[in-house]
Amino acid sequence: MEKQNGSVNTPDRPRRKKSFWHTLLIVFQVSAILFFMGVLFAGGTAAGYVASLVKSDPVRSYNEIYQKISANNLTGFAYFRDKKMIGQLITAEDRRLVSHKEVSPHLIDAIIATEDKYFYEHNGIVPSAIARAALQQITNSPVQTGGSTLTQQLIKQTILSPKVTPERKFKEIFLALRMERMFSKEQILDAYINKMYFGQNANRTNLYGVQAAAKGIFGVDAKDLNIAQSAYLAGMLQAPYSYIPFKEKGLKLGKERQKLVLSRMLENGKITKQQYDEALAYDIKAHLLTNPPKPAIERYPYLMIEIEERAAKILLDQDFEKNPELKNEPYSKLLEEKRMAVRQGGYHIYTTIDQKIYDKMHAIAKDPNNFGPDRNPIGDKKMPQQVAAVLLDNKTGAIIGMIEGRDNGIEKTNFATSPRQPGSTIKSIGVYAPAIEEGIISPNSIVVDEETEFRGYKPSNYGESFKGPMTVRQALARSQNIPAVKVYFETGVEKSLNYVKKMGVTSIVKDDYYLSTALGGFTKGISVEEMTNAYATFPNGGNFVDAYMIERIVDSEGETVYQHKPKPVRVFSPQTSWMMTDMMRDVIEYGTGRQIARYRMGRDVAGKTGTSQEYRDRWFIGYTPDISLGVWTGYDMKYSLQGRHRDDVLRIWGKIFTSALEIDPNLSPAGNYMKRPPGTSMAAIYNANLATSKNPASYGGKTEEEKKAEEEQKKTENENKQTEQPVGSQPTDGENKQTDQNDGTSNGNQKEQGDQKQDEEQQGSTDGKKEAAETSSKKQTRPSDGQSNNTSEKKSDKTTNKTDAKKGEG
């Protein structure tokens, strides 16, 4: 709310002065009243009694009183990315500041006529009213009119305890006199109308202040209240909870009180007889807001909690920048205090969330047909198959949509931000990309998939089988474990994980610096948000842009206190990023994620699957040039995914991706393509430690001694043939070359084809040769990305892959 002259929100001292003699007169009047209340005294004079009661009360300064009457717990609001309101921030009360100039004059008249007829004339108290109220209490009169002015009521609400005692009453009187000298009537009135309690709305939210009361009870702004509505609200001030109109008894009592208020307004000349009659005839019940929208915390529980958490962290970080010494205090305590400040500070928080996409993502999450059966509860906790997803804009990092879980009523954990074991999704960002960036490998480099032991660590592939020499491209597409660990070992664990941390992964700890993390075996795991965010580095040409949900925060005065600004961090070169993208296209073309191909909608999609030990976690993270979408599914605890539900993650990814593009095709326009940067070389980098076999027997290959023996035997046979054959009949060079080539690779290829039967990643057990031919055809029709100098390698790849469920992963 804007600052306004005369409002309590403007701490300007009033210009009007009260003379000393005038104040003395008031004190004399009070003393006279007290004299006639002698029954309250055990002895002594009234003045002495008063002095004994108020002597312990401190003399409050202007600033202290101002802070008390202007401090309000204000209602804040959150908004979608199109500025449409999500709803109120998490709060048990609703309070919205307004000036008396923004309130219907009928309501102001009703309040003053009922609560303080002489408000604009008195100096804080009305002696005759105090005397009358005291006499009614002494005589136990059935009619109790009360003697407090608006100023006294405000003091009771803000400075003193509401407990009724003689001590409190006298303190209230003297504070009222002091307040009237310090503040203008307008300031006091503004503080009053924003502070007072008005009961509850139909959703049982507590209403404070006239604006919240008008919106919560009648569904209108305070400035639009008519006479009947104004009289009803003014009447509620006497006993707010008793007059709540959404209860039959409350409405009946409230209308009786409304009639009294209207009578006072008529007596004071604020309304005419005709207006009085019309207001009495007004159907209050028919105009109640009986079906207000459910609170945002009920409609969007996961989202509202996440918005509050992120906003609190942003504001706390700002405090750290202003006062670094705050970091010496417990972070959890500071964050909780800031969270309360977000709830009560009247902030307006603008997010990046697209409502339609978010709603659709959660509709997919709530559809039981997309998931496997619930498992037996653990303790009292239900065990449905869970899901998490994050959809973000690559260029800005804005989170467009999110699935935090299937049902907040069952599980309040936000699975999108909670770490899970990433399985083979780590291979792209933590193994192959760092190795390419360091010049250790290229996509066409050869690495031998064979039984290998690394200083006591002995990883294995799914099915305990090995495929022998293969390219890095093939190893990633099929998600083979041994090649990944070999490359990880060659690059170095620390160097590789440093790249991962530069891509925003914050959950890496000291115990993660071991070779097993090449396969996803992390101590804590990695969240879906951070993993998706890391993958977005590749379509961004190697620049990491941190994901965010809060676009802007505006305080209760309309000032922008936070505006998000992207800060790109260079992680990989554009060449490395494109090579990784090109390899991950093959994951979808013929690798472990080929089910995704049907969902591409003409977009250029790359991505990677992931499976943790015993199928407890299943992942797919895919991206286009414009957006990245990461999906995880699994059970919260203990259980593994079974049967066809191991592939639920691929189908869910496809449904989210296609739904998002149907809602907003401009998220990733068709025709956008991740182009090959200049200077990208696809030449194979030879690395003897990776390309040389050390255990050929593990994949059906030949030892070096066997190869030498065969070569000697062939040499002898060729010499004999040359002696026996006539001139001109010897084999051509090409024939000899072909024979040598086959000898070096045939056993490995036979082994790969034998593994087709174990392909559990796909349904239907597609014939390997047919798929390889289709893959080759697709490669030829792909939009030009430079040079396709690896076509022959892809044509020779005639095998289906195996699932990337890993033994030895965390």
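Preceding block: the structure.
Residues numbered from 1 in each chain as written. Predicted model: local features only at pLDDT ≥ 70, side-chain atom pairs only at ≥ 80, totals over all residues. Heavy atoms only, no water.

For the rest of this paragraph, the subject is the pattern of salt bridges. For the coordinates displayed, the defined rule picks out 33 salt bridges. With a closest N to O distance of 3.1 Å, Lys185 and Glu180 form a salt bridge. Overall, Glu180 belongs to the buried group, its relative accessible area being 1%. A salt bridge links Glu308 to Arg343; the nearest nitrogen and oxygen atoms lie 2.6 Å apart. With Glu308 in helix α14 (residues 301-322) and Arg343 in helix α15 (residues 331-344), this pair connects stretches of sequence that are 35 residues apart. Given the relative accessible area of 5%, Glu308 is considered buried. By relative accessible area, Arg343 is classed as partly exposed at 26%. Taken together, the shared-partner salt bridges in this structure form one network comprising Glu308, Glu309, Lys313, Glu336, Arg339 and Arg343. (Salt bridge = Lys/Arg side-chain N within 4 Å of Asp/Glu carboxyl O. Buried < 20%, exposed > 50% of the residue type's maximum accessible area, 1.4 Å probe, protein only. Helix = DSSP H or I, 4+ residues; strand = E, 2+ residues; numbered from the N terminus.)

With that settled, consider unusual backbone geometry. As a rule of thumb, non-glycine residues mostly have phi less than zero, and peptide bonds are mostly trans rather than cis. A positive phi angle, near 60°, is found at Glu464, a position not held by glycine. When you line up the elements, Glu464 lands in the loop between β11 (446-449) and β12 (468-471). A positive phi is found at Met601, a non-glycine position, where the angle reads about 55°. Mapping Met601 onto the fold places it in the loop between α22 (574-589) and β17 (606-611).

Attention now moves to the sheet that holds strand β3 (residues 93-95). The strand order across the open sheet built from 3 strands is β3-β5-β4, with neighbouring strands paired in mixed fashion. Unpaired on one side and paired on the other, β3 and β4 (197-200) mark the two borders of the sheet. Strand-to-strand twist in this sheet, taken as the mean axis angle between neighbours without regard to direction, amounts to 20°. Taken together, the 2 bridges between β4 and strand β5 (residues 206-208) define a ladder with antiparallel strand orientation. The partner of Gln200 across the bridge, within β5, is Asn206. Set on the sheet, helix α9 (residues 210-218) makes contact with β3, β4 and β5; between it and β5 the angle comes to about 140°. (Pairing = 2+ DSSP bridges. Axes fitted to C-alpha atoms, helices over the stretch in contact; angles between N-to-C directions. Contact = heavy atoms within 4.5 Å.)

This paragraph deals with the layout of surface pockets. Space inside the second largest pocket adds up to approximately 1200 Å³. Looking at the second largest pocket, it is lined by 32 residues, and the ones nearest its centre are Arg310, Ile314, Asp317, Asp546 and Ala547. For the lining of the second largest pocket, the elements supplying multiple residues, two or more each, are α14, α21 (528-535) and β15 (560-563). With 9 residues, the top contributor of residues to the lining of the second largest pocket is α14. Split by residue class, the lining of the second largest pocket holds 11 nonpolar, 10 polar and 11 charged. (1 Å grid on protein atoms, 1.4 Å probe; cavity = no way out; pocket = protein on both sides within 12 Å on 5 of 7 lines; lining within 4 Å. Points joined across faces, edges and corners; volume = space filled by probe spheres on them. Nonpolar A, V, L, I, M, F, W, Y, C, P; charged D, E, K, R; others polar.)

One open sheet holds the 5 strands; their spatial order is β2-β1-β6-β14-β15, and the pairing between them is mixed. Each having just a single partner strand, β2 (85-88) and β15 make up the two edges of the open sheet. Sheet twist, expressed as the mean angle between neighbouring strand axes with direction ignored, is 15°. Across 3 bridges, the pairing between strand β14 (residues 550-554) and β15 is antiparallel. Among the inter-strand pairings, Arg552 is bridged to a residue of β15, identified as Gln563.

A pair of packed helices is captured by two measures, namely the crossing angle of their axes and the spacing between those axes. Between α14 and α15, the least distance of the axes is 8 Å, while the angle of their chain directions is 115°. Taken together, the axis directions place α14 and α15 in an arrangement best described as roughly perpendicular. For the pair α14 and α15, the crossing hand works out as right-handed. Judged by residue contacts, Glu308, Glu309, Ala311, Ala312, Lys313, Leu315, Leu316, Asp319 and Phe320 of α14 engage Tyr331, Leu334, Leu335, Lys338, Arg339, Val342 and Arg343 from α15. Class assignment of the residues belonging to the contact of α14 with α15 gives a composition of 9 nonpolar, no polar and 7 charged. (Parallel < 35°, antiparallel > 145°, perpendicular 65-115°, else oblique. Left-handed = near helix turned anticlockwise from the far one by under 90°.)

Here the focus is the packing of helix α17 (residues 426-437) against α21. One can describe the packing of α17 onto α21 by two numbers: an axis separation of 9 Å at closest approach and a directional angle of 50°. As far as their axial angle goes, α21 and α17 are oblique. Where α17 crosses over α21, the handedness of that crossing is left-handed. Residues Ile426, Ser428 and Ile429 of α17 pack against Met531, Ala534 and Tyr535 of α21. Considering only residue class, the contact of α17 with α21 consists of 5 nonpolar, 1 polar and no charged.

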